[in-house]
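# Observations on the model geometry
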Protein chains: 2
Amino acid sequence: MKGSLHVDEVAVDELGDVFNSDCPVRTVLSHVAGRWGVLVLASLDEGELRFFELRDRIGGISEKMLSQTLRTLVRDGLLERTVEHSAPPKVSYRLTQLGEDLTEPLLHLLERIRLRTADVIDAQRAHDRQTTADA
Amino acid sequence: MKGSLHVDEVAVDELGDVFNSDCPVRTVLSHVAGRWGVLVLASLDEGELRFFELRDRIGGISEKMLSQTLRTLVRDGLLERTVEHSAPPKVSYRLTQLGEDLTEPLLHLLERIRLRTADVIDAQRAHDRQTTADA
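Figured I'd write up the structure that's included with this text. This is a predicted model, so every value here is computed, not measured. (Residues numbered from 1 in each chain as written. Chains lettered and ligands numbered in written order. Predicted model: local features only at pLDDT ≥ 70, side-chain atom pairs only at ≥ 80, totals over all residues. Heavy atoms only, no water.)

Moving on: the overall build of chain A. When its secondary structure is counted, chain A shows five helices and three strands. In chain A, the succession of helices and strands from N to C terminus is α-α-β-α-α-β-β-α. Here chain A holds 135 residues, and the buried ones make up 45% of them. Nonlocal contacts in chain A, meaning residues at least 24 apart in sequence, comprise 45% of its contacts between residues at least 6 apart. Taken as a whole, chain A presents about 6,900 Å² of accessible surface, with 49% of it coming from carbon and sulfur. (Helix = DSSP H or I, 4+ residues; strand = E, 2+ residues; numbered from the N terminus. Buried < 20%, exposed > 50% of the residue type's maximum accessible area, 1.4 Å probe, protein only. Contact = heavy atoms within 4.5 Å. Areas by Shrake-Rupley, 256 points an atom, 1.4 Å probe, with all protein chains shown as cover.)

Attention now goes to the sheet that holds strand β3 (residues 90-95) of chain A. All names here are of chain A. Strands sit in the order β1-β3-β2 across an open sheet of three strands; the sheet is antiparallel. This sheet does not close on itself; its edge strands, each paired only once, are β1 (49-50) and β2 (79-84). Sheet analysis places β1 next to β3, joined by two bridges and oriented antiparallel. Directly across from L49, in β3, lies its bridge partner Y93. Across the face of the sheet, helix α4 (residues 63-75) comes into contact with β2 and β3 while running at roughly 115° to β2. (Pairing = 2+ DSSP bridges. Axes fitted to C-alpha atoms, helices over the stretch in contact; angles between N-to-C directions.)

Take the sheet that holds strand β1 (residues 49-50) of chain B next. Residue and element names in this part refer to chain B. Read across the sheet, three strands follow the order β1-β3-β2 without closing on themselves; strand pairing throughout is antiparallel. Both outer strands of the open sheet, β1 and β2 (79-84), are each paired with one neighbouring strand and no more. Contacts from helix α4 (residues 63-75) reach β2 and β3 (90-95), with the element oriented near 110° to β2.

The next thing to look at is unusual backbone geometry. Leaving glycine aside, a negative phi is the common case for residues, and trans is the common case for peptide bonds. At the junction of A87 of chain A and P88 of chain A, the peptide bond is cis and its omega measures out at -5° in the coordinates. Here P88 of chain A shows up in the loop between β2 and β3.

Spelled out as structure tokens, the structure:
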């Protein structure tokens, strides 16, 4: 089951029970767009990486948080973990087809945010000036 | 400054310093794709809503969390808050142009996740069976 690559308009009603607090879509969203999940998926979009390469690439992540994020995304079927039996063993991660399918719209969102972050910062400054003026 | 509506392929390099832990893109992402931000934005994509309408629509949100989420998104310039001076005053929220611009790819991501959530759940079950078998 694969979604169309370009959804031109998404009706909110189609999102079904995402507004229900038990909806599993919310859980998957939290894994994919969570603080570290998004950076792991974006890193692996360029191809397979080893654990330490991910650690070095993602600023501020601890080994513990990286392990935990990788475990979650492997369990979700978004990443494949391979172990090469050398000494020391080489552990690598790459996106599965399912992982690629979710990373694609995630990168579009990130790119849009990147394009508009300066506008958000301007809005925050204007808001804070107004709030100070009102005080 | 408005991004193209359809980015066919996003190069990860274009995401700039998102891998840096101080990157403001990460902060905006956390507001937009955070647990409650995403549901507030998705709700308002259909049009203006009043505070209690948002509260009733979004399962599991407390009034405190809703207020806090709305305050953050207003400060970011994604929502506009209007107060109608009646008794009691009517407080409404709607997306700004900037808010619409970030909500559009967010809804595409949500829709893609919705399409693939059954596959994620299947992957989790297969993973858990394997883990149990290995134990």
